[in-house]
Amino acid sequence: MHPLNIYNTLAREKQPFVPIEPGKVRMYVCGMTVYDYCHVGHARVMVVFDMVQRWLRASGYEVTYVQNITDIDDKIIRRAAENGETIGALTERFIGYMHEDAAALGIQRPDHEPRATQFVPQMLDMIGKLEARGLAYQASDGDVNYAVRKFAGYGKLSGKSLEDLRAGERVAANDAKHDPLDFVLWKSAKDSEPAESKWQSKWGAGRPGWHIECSAMSCALLGEHFDIHGGGADLQFPHHENEIAQSEGASGRPFVNVWMHNGFVRVNDEKMSKSLGNFFTIRDVLKEYDAEVVRFFILRAHYRSPLNYSDAHLDDARHALTRLYTALKDVQADEAPLDWDEPHARRFAEAMGDDFNTPIAISVLFDLASEVNRGASPAMARQLKQLAGTLGLLGRDPHAFLQGGAQQSGIAPEEIEARIAARKDAKAARNFAEADRIRAELLEAGIVLEDKPGGVTEWRRA
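No experiment lies behind these values; they were computed from the predicted model shown.

Rules used in this analysis
Residues numbered from 1 in each chain as written. Predicted model: local features only at pLDDT ≥ 70, side-chain atom pairs only at ≥ 80, totals over all residues. Heavy atoms only, no water. Pairing = 2+ DSSP bridges. Helix = DSSP H or I, 4+ residues; strand = E, 2+ residues; numbered from the N terminus. Axes fitted to C-alpha atoms, helices over the stretch in contact; angles between N-to-C directions. Buried < 20%, exposed > 50% of the residue type's maximum accessible area, 1.4 Å probe, protein only. UniProt positions renumbered as here; feature names shortened; annotations may be inferred. Contact = heavy atoms within 4.5 Å. Domains from an automatic or database assignment. Core = buried A, V, L, I, M, F, W, Y, C linked by side-chain atoms within 4.5 Å.

K.L.:
Explanation requested: the sheet that holds strand β8 (residues 206-208) in the structure shown.
P.N.:
Where strands meet in a sheet, backbone hydrogen bonds hold them as pairs that are either parallel or antiparallel. An order of β5-β6-β7-β8 is seen for the four strands of this open sheet, with the pairing classed as antiparallel. The open sheet has two edge strands, β5 (136-138) and β8, and neither has a second partner. Neighbour to neighbour, the strand axes of the sheet diverge by 25 degrees on average, direction disregarded. Two strands pair when backbone bridges link them, and strand β7 (residues 183-188) and β8 are joined in this way by three bridges, in the antiparallel orientation. Each residue of the ladder has a partner; that of Lys187, found in β8, is Arg207.

K.L.:
Looking at this structure, I do not really get unusual backbone geometry. What am I missing?
P.N.:
Leave glycine aside and you will find that most residues have negative phi; peptide bonds, for their part, are mostly trans. Here the residue pair Phe237 and Pro238 is connected by a cis peptide bond, since its omega of 5 degrees sits within 30 degrees of zero. Structurally, Pro238 can be placed in helix α6 (residues 236-251). Even without being a glycine, Asp355 presents a positive backbone phi close to 55 degrees. Tracing the sequence through the fold places Asp355 in the loop between α10 (343-353) and α11 (358-375). A relative accessible area of 0% places Asp355 in the buried class. Non-glycine residue Leu394 carries a positive phi angle of around 60 degrees.

K.L.:
I would appreciate a short explanation of the UniProt feature "binding site: Zn(2+)" (unreviewed entry) in the protein in the present structure.
P.N.:
The residues that UniProt annotates with the feature "binding site: Zn(2+)" (unreviewed entry) are Cys30, Cys214, His239 and Glu243. Spatial clustering of the annotated residues is evident: they stretch over 214 residues in sequence, but the largest pairwise C-alpha distance comes to 11.1 Å. With respect to the helices and strands, the residue Cys30 is situated in the loop between β3 (24-29) and α1 (40-58). Cys30 has contacts with Val45, Gln67, Asn68, Cys214, His229, Gly230, Leu235, His239, His240 and Glu243, leaving out every residue within four places of it along the chain. Take Glu243: it is sitting in helix α6. When residues no more than four places from it in sequence are discounted, the contact partners of Glu243 are Cys30, His211, Cys214, Ser215, His229, Phe255 and Trp259.

K.L.:
Mind showing me how you'd approach the domain arrangement of the protein here?
P.N.:
Often, the extent of an interface is quoted as the loss of accessible area on bringing the components together. Taken domain by domain, the protein consists of domain 1 (5-266), domain 2 (311-402) and domain 3 (413-461). Its C-alpha centre places domain 1 at a distance of 56 Å from the equivalent point of domain 3.

K.L.:
Any chance you could explain the environment of Val293 here in plain terms?
P.N.:
Secondary-structure assignment places Val293 in helix α8 (residues 291-299). In this structure Val293 comes out as buried when scored by relative accessible area, which is 0%. When the C-alpha positions of Val293 and Leu393 are compared, they lie 9.3 Å apart, and in sequence the two are 100 residues distant. Contacts of Val293, omitting those with residues within four sequence positions, involve Leu314, Ala317, Arg318, Leu321 and Phe401.

K.L.:
Even after reading the chapter, I still don't get the nonpolar core, so can you show me in this structure?
P.N.:
Side chains of a nonpolar character, in soluble globular proteins, are inclined to be buried together. Residues Phe356 and Leu384 are the most contacted members of the largest nonpolar core, which totals 132 residues. With eleven residues, the top contributor of residues to this core is α1. Looking at this core, you find at least three residues from each of domain 1 (5-266) and domain 2 (311-402). In contact with Phe356, not counting residues within four places along its chain, are Leu4, Ile6, Met51, Val52, Trp55, Met260, His302, Tyr303 and Ala351. If you look at the next biggest cluster of nonpolar residues, it comprises eight residues, including Ile411, Ile416, Ile438 and Leu449.

So, in structure tokens, the structure goes:
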């Protein structure tokens, strides 16, 4: 297995990764709240942790990867009411859209994809344990809250002192709480809420709070102590801080060894978010850009760094990915296994072992592409294709990728071929001005012609 150091948010430093059980990795990542289309910020979480689990598997680990779906919360209830539909119909539809977006981006399905509504009994069991340990109480308004100040380790993930803290992100402070810092575990049902948003409990009808779902589902599927927990940087506090308080408060033992957080996607130096109204949905972006280009764009940045979204950056990613596919276009990779002892592969593994440093790893791919261009080596082509494959890249037929954006240029492939034939006829008639005009016209439309030996002309998008 390749050596691996991971930046652990809990320790605030890179640490050698040592799994709890040799050769096996248990990983949980916070997934989507399904009431709207996924945006590019969600795409980053999907791609980053898909990359992480792919590299762990490529390194020889047996991985159990869990990513949850939040299918009940205030926003979901409100959106279903606005639409005049059931909660189940709303969430089922957007889960389907999420899966479509993920598949387009080359995301491998998690081993488990639990939905919050399927694990309410486990959540109630955990809340009961917290109450028995004196860490939870039912307030006068019927809600069951977590008593933050009674958990000695609160703040260790975010580095915040109790004086710095505020009430949870999704929970408004209210007078029924013993302390404004306390957060809700079980929300008492309101008469105005639909029946499908209510479950029975010993504390009365209600539904789980946001934080308890991830504690209950991760512990149910991975055990009370597991290796890696991931998510966006916005979840570090309060969500992940609260998960630690709940899980360790209920079990009395450590919860997670390594906490990983990916950086924000930014637009004009502001975080991309629905609340700011500056978000781009994945499906809108995919109308303009090939999905693999979007994946490549995300992986070119280190997962912990900010990712600056713009058409210019996506255009640059498209040109860069085109260079890699172009290197493979005329060289057939051999069928031998990936050679990890080959110098490029060693450098690639070293980069990935340094906290998943994909920018350096991708620079190795370009070095390999240069080797392929120089020597047309099937062995080097294989190294390029298979190393890129560990990142979920370069898995398509090169010609299919290089010609894939033609339709977006407004020119059908059949029309391109007809213009190439017309250009060939013009050249045969020694009408070179017309041949040049056709080439220039296609280039203006984003189509590049490449004349090959034997009178063959190939085309690709620019």
